[in-house]
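The primary structure of each chain is shown beneath.
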Amino acid sequence: QHSGKDDASGCAGMLEIARALTKLIAAGLLPRPRRTIRFWWTTENDSERRYFADHPEILKQLWVDINQDMVGADQSIDVMRTQNVNRVPFARFHFLNDVMESVIEYMVAANSSNITQYRNGYGLYPKPHLAHNGSMDRYNAQPVWYQGDSDHEGFVDAPAGIPAVGFGNEPDRFIHSNLDDLWGIDRTQLGRNAVSAALIAYTMARADSSSFAVLAAETIGRGEARLGRNVGTALQLIASWPNKAAAYYAAADQVHYAADRERKAIRSLGGISPRTSSRVEALLAALDRREADAMREVLAAYRESART
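Please read these numbers as outputs of a predicted model, since none were measured by experiment. Counting restarts for each chain: residues are numbered from 1 in the order of the written sequence. pLDDT decides what is reported in this predicted model: residues at 70 or higher carry local features, side-chain atom pairs at 80 or more are listed and counted, and totals for whole chains, interfaces and linings draw on all residues regardless. In computing side-chain properties, one takes all heavy atoms of the structure into account and sets aside hydrogens as well as water.

J.: Describe the overall build of the protein, with residues and values.
T.: Across its full length, the protein holds nine helices and four strands. Put simply, the protein runs from its N terminus to its C terminus through helices and strands in the order α-α-β-β-α-α-β-α-β-α-α-α-α. In terms of C-alpha radius of gyration, the protein reaches 22 Å, essentially the compact-globule figure of 19 Å for 308 residues. Based on the C-alpha atoms only, the size of the protein along its principal axes is roughly 65 × 45 × 45 Å. Runs of E in the DSSP output that reach at least two residues are strands. Runs of H or I that reach at least four are helices, and both are numbered from the N terminus. Based on C-alpha atoms, the radius of gyration is set beside the globule rule, defined as 2.2 Å times the residue count to the power 0.38.

Listed below in structure tokens is the structure:
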């Protein structure tokens, strides 16, 4: 069976992450994290569901999941090929999303070039991560909205309900064929994805009350941007729908839905440490005020639109 990218690349990447983190921690170069990082090599989609059914008690020990599926693709083979990283779905929204997005944005910016970087004295990439005998291609990666059909799905779905993100290369015209072999693997991209997954995993495992402010800043900042997009959609509905009453209720749904989603992200910060519960409550109260402000803005737009 040929499975160079799907998903031998993910299996190899996880092995390298385990080896590197173990070595760095043993050498004292990284502090030992507060939480255990578990490494699972499974049959796709099925093993987790079977294991959770046989051992439901394990679910109380699991906080988040990071899935490495297709992570080694030579991105120069297909111009559309992208390293996608699935977000946690809205029903399980979690600050894991914000950690993942921060890591991916950093890695993309560090391994991409533009004229501003050149004019400020950088070379090919600001902070290149390049592998021996690998390519010098840019890191074409992006967070995407949730889709399943890989091992993170078994964690996200009921009865597990574990927030999870998942790495996958799409599109791939060689998937599930005899052409999915080592010729299509790029050592550089394999390394970048391993570093990205390791940074996400270590950040989550290391999180404690001393890192709460930094993690909360990412969650609140990115959450305000997400909420802002929903408010923009709400205002567009009011501006464009002929039926203004229906537009108002659809717009209100956008705001309330977005606020509920962000409440999940903020509440998830409470999993960092029991000592931060009062800080979480303060962040939730601030979100309530932002939701109320957004609803006043939507109502004002509706009233103005209804008069014209």
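J.: If you had to explain the nonpolar core to someone new, which residues and values would you point to?
T.: Generally speaking, soluble globular proteins have nonpolar side chains that are buried together. Only buried residues count toward a nonpolar core. Its members are Ala, Val, Leu, Ile, Met, Phe, Trp, Tyr and Cys residues joined through side-chain atoms within 4.5 Å. For each residue, the accessible area found with a 1.4 Å probe, counting protein chains only, is set against the maximum for its type, and the residue is called buried under 20%, exposed over 50%, and partly exposed in between. Counting 47 residues, the largest nonpolar core has Ile104, Phe167 and Leu269 as the members making the most contacts within it. Breaking this core down by element, the ones donating at least two residues are helix 1 (4-26), helix 3 (96-110), strand 4 (164-170), helix 6 (187-206), helix 7 (212-240), helix 8 (244-268) and helix 9 (277-307). With eight residues, the single largest contributor to this core is helix 7. By the convention used here, residues are in contact when the closest approach between their heavy atoms is within 4.5 Å. Contacts of Leu269, omitting those with residues within four sequence positions, involve Phe95, Phe212, Leu215, Ala216, Thr219, Thr276, Val280 and Leu283.

J.: Break down the layout of surface pockets for me, citing the residues and quoting the values.
T.: As defined here, a cavity is a set of points on a 1 Å grid over the protein atoms alone where a 1.4 Å probe fits but cannot get out. A pocket is an open set with protein on both sides within 12 Å along at least five of seven lines, and residues line them when an atom is within 4 Å of a point. Grid points are joined across faces, edges and corners, and a volume is the space filled by probe spheres set on the points. Each pocket or cavity is described by its volume, and for the largest pocket that value is around 700 Å³. Among the elements of the structure, helix 1, strand 1 (65-68), helix 5 (151-156) and helix 6 are those that each provide at least two residues to the lining of the largest pocket. Class assignment for the residues of the lining of the largest pocket results in 16 nonpolar, five polar and seven charged. Considering only enclosed or pocket space, the second largest pocket measures out at about 250 Å³ in volume. At five residues, strand 4 tops the list of elements feeding residues into the lining of the second largest pocket. Taken together, the residues of the lining of the second largest pocket break down into three nonpolar, ten polar and six charged. Ten residue types, Ala, Val, Leu, Ile, Met, Phe, Trp, Tyr, Cys and Pro, are classed as nonpolar, four, Asp, Glu, Lys and Arg, as charged, and the remainder, Gly among them, as polar.

J.: I'd like a rundown of unusual backbone geometry, residues and numbers included.
T.: The omega angle of the peptide bond from Asp6 to Asp7 is -10°, so this bond is cis rather than trans. Checked against the element boundaries, Asp7 lands in helix 1. With an omega dihedral of 5°, the bond running from Ala158 to Pro159 counts as a cis peptide bond. The phi dihedral of Asn45 falls on the positive side, at around 75°, and the residue is not glycine.

J.: Now, about the packing of aromatic side chains: what can you tell me, with residues and values included?
T.: When we look at a pair of aromatic rings, we describe it by the centre distance and by the angle of the planes. Pairs were defined over the aromatic rings of Phe, Tyr and Trp, the Trp ring being its six-membered one, requiring ring centres within 6.5 Å. Orientation was assigned from the angle between planes: stacked under 30 degrees, edge-to-face over 60, tilted for the rest. Summed over all chains, the structure comprises twelve aromatic pairs. Ring geometry for Trp40 and Phe155: centres 5.5 Å apart, planes at 40°, overall tilted. Of this pair, Trp40 sits in the loop between helix 1 and helix 2 (47-54) while Phe155 is found in helix 5, placing the two residues 115 residues apart along the sequence. Ring geometry for Tyr248 and Tyr249: centres 5.6 Å apart, planes at 70°, overall edge-to-face. Through pairs of rings, three or more aromatic residues link up here, namely Trp40, Tyr51, Phe52 and Phe155. Any Lys NZ or Arg CZ found within 6 Å of a ring centre and within 35 degrees of that ring's normal is scored as a charge over the ring. Above the ring of Phe90, the side-chain terminus of Arg261 is found at 5.0 Å from the ring centroid.

J.: I'd like a description of the sheet that holds strand 4, backed by residues and values.
T.: Pairing between strands is defined by DSSP: at least two bridges between the two strands are required. Across the sheet, which stays open at both edges, the four strands sit in the order 1-4-2-3 with mixed pairing between neighbours. Of all strands in the sheet, those with a lone pairing partner are strand 1 and strand 3 (141-144), marking the two edges. Going across the sheet, the axis of each strand differs from the next one's by a mean of 20°, ignoring polarity. Summarising the sheet, strand 2 (residues 82-86) and strand 3 pair through four bridges and their orientation is parallel. When the bridges of strand 3 are listed, Asn86 appears paired with Val144. Against the sheet, helix 3 touches strand 1, strand 2, strand 3 and strand 4, its axis set at about 160° to strand 3. Helix axes use the C-alpha atoms of the stretch in contact, all axes being lines fitted to C-alpha atoms, and the angles between their N-to-C directions lie in the range 0 to 180 degrees. Taken strand by strand, helix 6 contacts strand 1, strand 2 and strand 4, and its axis lies near 170° from that of strand 1.

J.: Now, about the environment of Val214: what can you tell me, with residues and values included?
T.: Of note, Val214 is situated in helix 7. Here the alpha-carbon distance between Val214 and Glu57, two residues 157 residues apart in the chain, equals 32 Å.

J.: So what's going on with empty space enclosed by the protein? Residues and values would help.
T.: Left-over empty space is what a probe sized like a water molecule reveals as it rolls over the atoms. Evaluation of the coordinates by the stated rule reveals one cavity of 30 Å³ or more. Space inside the largest cavity adds up to approximately 40 Å³. Contributing elements (two or more residues each) for the lining of the largest cavity: helix 7, helix 8 and helix 9. If you tally residues by element for the lining of the largest cavity, the top one is helix 7, at four residues.

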